[in-house]
Amino acid sequence: MDAVSDLDDVSARYDRFAREEAPGRSALYAIWAATVSADTAVAGVLARIPDTHRQPPLVFAVSRMLGAPEEPADAWGAWVPANADLLVAECRARSIQTNEPLRCAALLPALALLHGPLALLEVGASAGLCLYPDRYSYRYRSPDGAVATIDPPAGPSAVVLDSAWSAGAPPTRVPEIVWRSGIDLAPLDAADPEDRAWLTGLIWPGEDGRRERIAAAADIAAADPPRLVRGDATEPGVLTALAASAPADATLVVTTPGVLAHVPRRRRRALIGAAREVGHWITLDAPGLHDGWTTVIDEDSWPRAAFALALDGEVLAAVDPLGASVEWRHGSGTHGR
């Protein structure tokens, strides 16, 4: 892609983010994204960043880490050109590692359909916070005001995941998990202060409750660390080798919650194939992201901005990308078969 195309791509990408993704989540990020689409000097700096490292949430998180002014909000537009080299270098070295434990509220209904005990293997695991669905408490809230309460066998957790539920019946229990492992290009240590600071730095300004939830989940992971492997799961044999270390008497489940969007398109199909070859595959993805679905998705009628929750390619529900809501669409909505 040439320089002009890169500039156009950045402007369009950030304009879309300002109009469709940031509103309702972060007023600051909406302003910063609109600045990029309106200011060619700012867009030109971001065009120097490789396209796989210039997603708005990543660039904005790095900006804040480097001390960019957040007030007044429009001051960021002057800060970027003045700190261009530093911003570009740091973005090149970083990746989005959104490790939101609330996603377990979207994963749990799929996990509940499988016979246990389970062995979990997450691709793009970051610090592994989504490898503990059995250690969290859940509160599924129905439109009529009813609340389905699910706690671990040991009792209520310090991490309580609150999610809106519609259609069908929510799960009734947490799964038994006997092995948990993950692979990531740059795995994070939940016990390391710098890694924890980066995790919380990825939270969008204005998203109440996420910092506390991630901190509490990180405490759980730090107390009983999963096996996290540094590597590229899209490389041949890498996922298979890690899967081979799972207990033979457990049901192996590979999860890719929100990670496939960050995998180059040419490698997604191979990764999906490898996941399905070694075990069950559970994913949370935008409906049009890949062709790994066995269910036909009518994108015209699909809820705006919702991801699909799928088990082995079969779409089970329309979910909020971070797990804040689940619209069950599979069978009668019963669980635990």
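Before reading on, note that the structure itself is shown above.
Before going into details, it helps to say that this report is about the structure given with it. Quick caveat: nothing in here was measured; it's all calculated off a predicted structure.

**Some points on the sheet that holds strand β5 (residues 177-184)**
Inference 1: Pairing is mixed across the open sheet formed by eleven strands, whose spatial order is β3-β2-β4-β11-β10-β9-β8-β7-β1-β5-β6. Unpaired on one side and paired on the other, β3 (147-150) and β6 (227-230) mark the two borders of the sheet. Taken over all neighbouring pairs, the strand axes of this sheet differ in orientation by 25° on average, direction set aside.
Inference 2: Judged from the five bridges that link them, strand β1 (residues 118-123) and strand β7 (residues 251-257) form a sheet pairing that is parallel. Looking at β7, one finds that L120 is bridged to V253.
Inference 3: The sheet contacts of helix α7 (residues 104-111) involve β1, β2 (137-141), β3, β4 (160-166), β7, β8 (280-285), β9 (307-311), β10 (314-319) and β11 (325-328), and relative to β2 the element is tilted by about 90°.

**Observations concerning the packing of aromatic side chains**
Inference 1: Here the structure, examined in full by the defined rule, presents twelve aromatic pairs.
Inference 2: Look at Y138 and Y140: their rings are 6.1 Å apart centre to centre, the planes differ by 10°, and that puts the pair in the stacked class.
Inference 3: According to the relative accessible area criterion, Y140 is buried, its value standing at 1%.
Inference 4: Seen in terms of ring centroids, W165 and W328 are 5.8 Å apart; in terms of plane orientation they differ by 25°. Their pairing is stacked. Here W328 lies in strand β11 and W165 lies in strand β4, a separation of 163 residues in the sequence.
Inference 5: Looking at W328, the relative accessible area reads 5%, which means it is buried.
Inference 6: Three or more aromatic residues link up through ring pairs in this structure, and these residues are Y14, F17, Y29, W32, F60, W76 and W204.

**Details of helix α9 (residues 210-223)**
Inference 1: Compared with an ideal rise of 1.5 Å per residue, which puts 14 residues at 20 Å, α9 spans 20 Å between its outermost C-alpha atoms and is within 8% of the ideal.
Inference 2: Three or more residues of α9 are buried, namely R210, R213, I214, A216, A217, A218, I220 and A221.
Inference 3: On its buried face, α9 sits against β4 and α8 (193-201).

**Details of unusual backbone geometry**
Glycine aside, residues mostly have negative phi, and peptide bonds are mostly found in the trans state.
Inference 1: Put simply, E71 and P72 share a cis peptide bond, and its omega is -10°.
Inference 2: Secondary-structure assignment places P72 in the loop between α4 (56-65) and α5 (76-82).
Inference 3: The step from G116 to P117 runs through a cis peptide bond, and the omega angle for that step is 0°.
Inference 4: Within the element layout of this structure, P117 appears in the loop between α7 and β1.
Inference 5: Phi angles above zero are rare outside glycine, and A167 is one such case at about 70°.
Inference 6: A positive phi angle is found at D312, which is not glycine, with a value near 50°.
Inference 7: The topology assignment puts D312 in the loop between β9 and β10.

Criteria and cut-off values
Residues numbered from 1 in each chain as written. Predicted model: local features only at pLDDT ≥ 70, side-chain atom pairs only at ≥ 80, totals over all residues. Heavy atoms only, no water. Pairing = 2+ DSSP bridges. Helix = DSSP H or I, 4+ residues; strand = E, 2+ residues; numbered from the N terminus. Axes fitted to C-alpha atoms, helices over the stretch in contact; angles between N-to-C directions. Contact = heavy atoms within 4.5 Å. Phe/Tyr/Trp six-rings, centres within 6.5 Å; stacked < 30°, edge-to-face > 60°. Buried < 20%, exposed > 50% of the residue type's maximum accessible area, 1.4 Å probe, protein only. Expected span 1.5 Å × (residues − 1).

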